[in-house]
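# Report on the structure
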Amino acid sequence: MTPHPPSEITPMAESHQLPPTSRPLIECIVVGALAANCYLLTCPETRETIVVDPGDDAAAILTRIAALGLNVVSIVHTHGHFDHISATEAVLAGLSKAVPVAAHPADEYLYSRDARSLGRQFGYPLPGVCVSPNASLVDGAALRAGTLVLEVVHTPGHTPGSVSLVCGDTCVLAGDTLFRRGIGRTDLPGGDEDQIYHSILTSLYTLPEQLLVLPGHGESTTIGEEQRGNPFVRTS
Ligand SMILES: [Zn+2]
Ligand SMILES: [Zn+2]
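In what follows, the accompanying structure is described.

Procedures and definitions
Residues numbered from 1 in each chain as written. Chains lettered and ligands numbered in written order. Predicted model: local features only at pLDDT ≥ 70, side-chain atom pairs only at ≥ 80, totals over all residues. Helix = DSSP H or I, 4+ residues; strand = E, 2+ residues; numbered from the N terminus. Rg over C-alpha atoms; globule rule 2.2 N^0.38 Å. Contact = placed C-beta atoms within 7 Å. Buried ≥ 20, exposed ≤ 12 C-beta atoms within 10 Å, placed from the backbone. Pairing = 2+ DSSP bridges. Right-handed = clockwise from strand over helix to strand, strands pointing away. Arc of directions from axis to C-beta. Axes fitted to C-alpha atoms, helices over the stretch in contact; angles between N-to-C directions. Expected span 1.5 Å × (residues − 1).

## Remarks on the overall build of the chain
Helix and strand content of the chain: 6 helices and 15 strands. Whereas a compact globule of 236 residues would reach a radius of gyration of roughly 18 Å, the chain reaches 16 Å, a difference of no more than 12%. Across its three principal axes, the chain shows a C-alpha extent of roughly 50 × 40 × 30 Å. For the chain, contacts bridging at least 24 residues in sequence account for 65% of all contacts bridging at least 6.

## Description of unusual backbone geometry
Even without glycine at this site, A35 takes up a positive phi of about 50°. Along the polypeptide, A35 turns up in the loop between β2 (25-31) and β3 (36-42). One non-glycine residue, R181, lies in positive phi territory at about 60°. In this fold, R181 is placed in the loop between β12 (178-179) and β13 (182-183). When the 14 C-beta atoms within 10 Å are taken as the criterion, R181 is described as partly exposed.

## Here we look at the pairing of strand β5 (residues 71-76)
One face of the sheet, then the other: side chains in a regular strand alternate in exactly this way. The buried fraction of β5 amounts to 5 of the 6 residues, a majority that puts the element mostly inside the structure. As paired strands, strand β4 (residues 48-52) and β5 are joined by 5 bridges and run parallel to one another. Paired with I50 across the bridge in β5 is S74. Note on the crossover from β4 through helix α1 (residues 58-68) to β5: the handedness is right-handed. Relative to strand β6 (residues 101-103), β5 runs parallel, the two sharing 2 bridges. Across the sheet, the residue bridging to I75 is V101, located in β6.

## Comments concerning the environment of F82
Looking at the secondary structure, you find F82 in helix α2 (residues 82-85). Apart from the residues within four sequence positions on either side, F82 is in contact with R116, L118, G119 and Y124.

## With respect to the pairing of strand β10 (residues 163-167)
β10 sits mainly inside the fold: 5 of its 5 residues count as buried. Burial along β10 is two-sided: V163, L165 and C167 and S164 and V166, pointing in opposite directions, are all buried. Of the pairings in the sheet, the one linking strand β9 (residues 148-154) to β10 comprises 4 bridges and is antiparallel in character. Its bridge partner lying in β10, E151 is registered against V166. Sheet analysis places β10 next to strand β11 (residues 171-175), joined by 3 bridges and oriented antiparallel. What sits directly across from L165, in β11, is L173.

## Comments concerning α1
All of the buried residues along α1 are A58, I61 and I65. Axial view of α1: buried residues confined to an arc of 70°, hence all on one face. Exposed residues on α1 whose side chains face more than 90 degrees from its buried face are A59, A66 and A67. G69, located one to two residues past α1, shows a positive phi value of around 65°.

## Some thoughts on the sheet that holds β3
In spatial order, the strands read β2-β3-β4-β5-β6-β7; together these 6 strands make up an open sheet with mixed pairing. Edge positions in the sheet fall to β2 and β7 (135-136), since each has one partner strand and no second. Packed on one face of the sheet, α1 meets β2, β3, β4 and β5 and runs near 160° to β2.

## Focus on helix α5 (residues 193-204)
Here α5 is 12 residues long and its end C-alpha atoms lie 16 Å apart, about the 16 Å a rise of 1.5 Å per residue gives. Taken residue by residue, α5 has I196, S199, I200, S203 and L204 as its buried positions. Viewed along the axis of α5, the buried residues span an arc of 110°, placing them on a single side of the element. The exposed set on the far side of α5, more than 90 degrees from its buried face, consists of D194 and T202.

## Topic: the environment of A66
Within the secondary structure layout, A66 lies in helix α1. Residues A66 and V101, spaced 35 residues apart in sequence, show a C-alpha to C-alpha distance of 20 Å.

Structure follows, in C-alpha cells:
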C-alpha cells in the first residue's frame, strides 16, 4: 500500500474549543462475533468519509460504502483490539485508492501478529500481512473529511492508546471507553481502571450534555444521560 501523507491530521489550536464542523451523516454497521460498531462518518457536502473501527465483515462495510456512493479518505481505529481493526486490510483492498490508517501510538503492541491472532478463536480474519497504522492519532489532532472535523481526545484506560473522537457539538465516538450505562473492561493487558475513570471524568463528562455518544458496542446515548445514569462512574 502506498500511504498518503497524513495531511488530513493537523494539530489543533491551544484553546480547547470544539472546532467548527458540519454535521456528519452517520452510518453504523454492527460487525463480527463481538458485535462492534463500525461507523461511517460522512461530510454532507462532499461525501468524503472516515471509516471508524472496521472490525470484521469487510464485505458489508464495502457494500454500504458503494451503495451510498461514499469517498473514503481515511480509516481510524479508536483502539487496537481485534474486534475493531480486523477488517482493515480487506476494506483497504476494496477501496479505489490508498488511504491512511490512523491509530494512537500507545496501542502499537496490539498490531503484532500474535495480538491479532487472538481474534481467530472468535472467527476474526488474520490477514497474510497485518497493517501497521501510518498516521498517528495524538491528543488534540484533527481529522478532516470535507467540511467534517473530528478532534482526537486521548482517553486511555481500556487500552493505553484508546481515543475518543469529538465531532463539534454533535457527537463523540467513544470506542470502548464509555458505553450506554457501562464502561470498557480494564482487565486485559494494558488496561488501567484508574485511568479509564479519569478519562471519562476529565475528557468525556466535560463535553456538552446533549452530545450524542456513539460507543464501540451497543446503543448510543448522550453525555448527560450517562452523567445521570451510568452506575459505574461516580460524579460526586
Ligand atoms: Zn476493546
Ligand atoms: Zn470492543
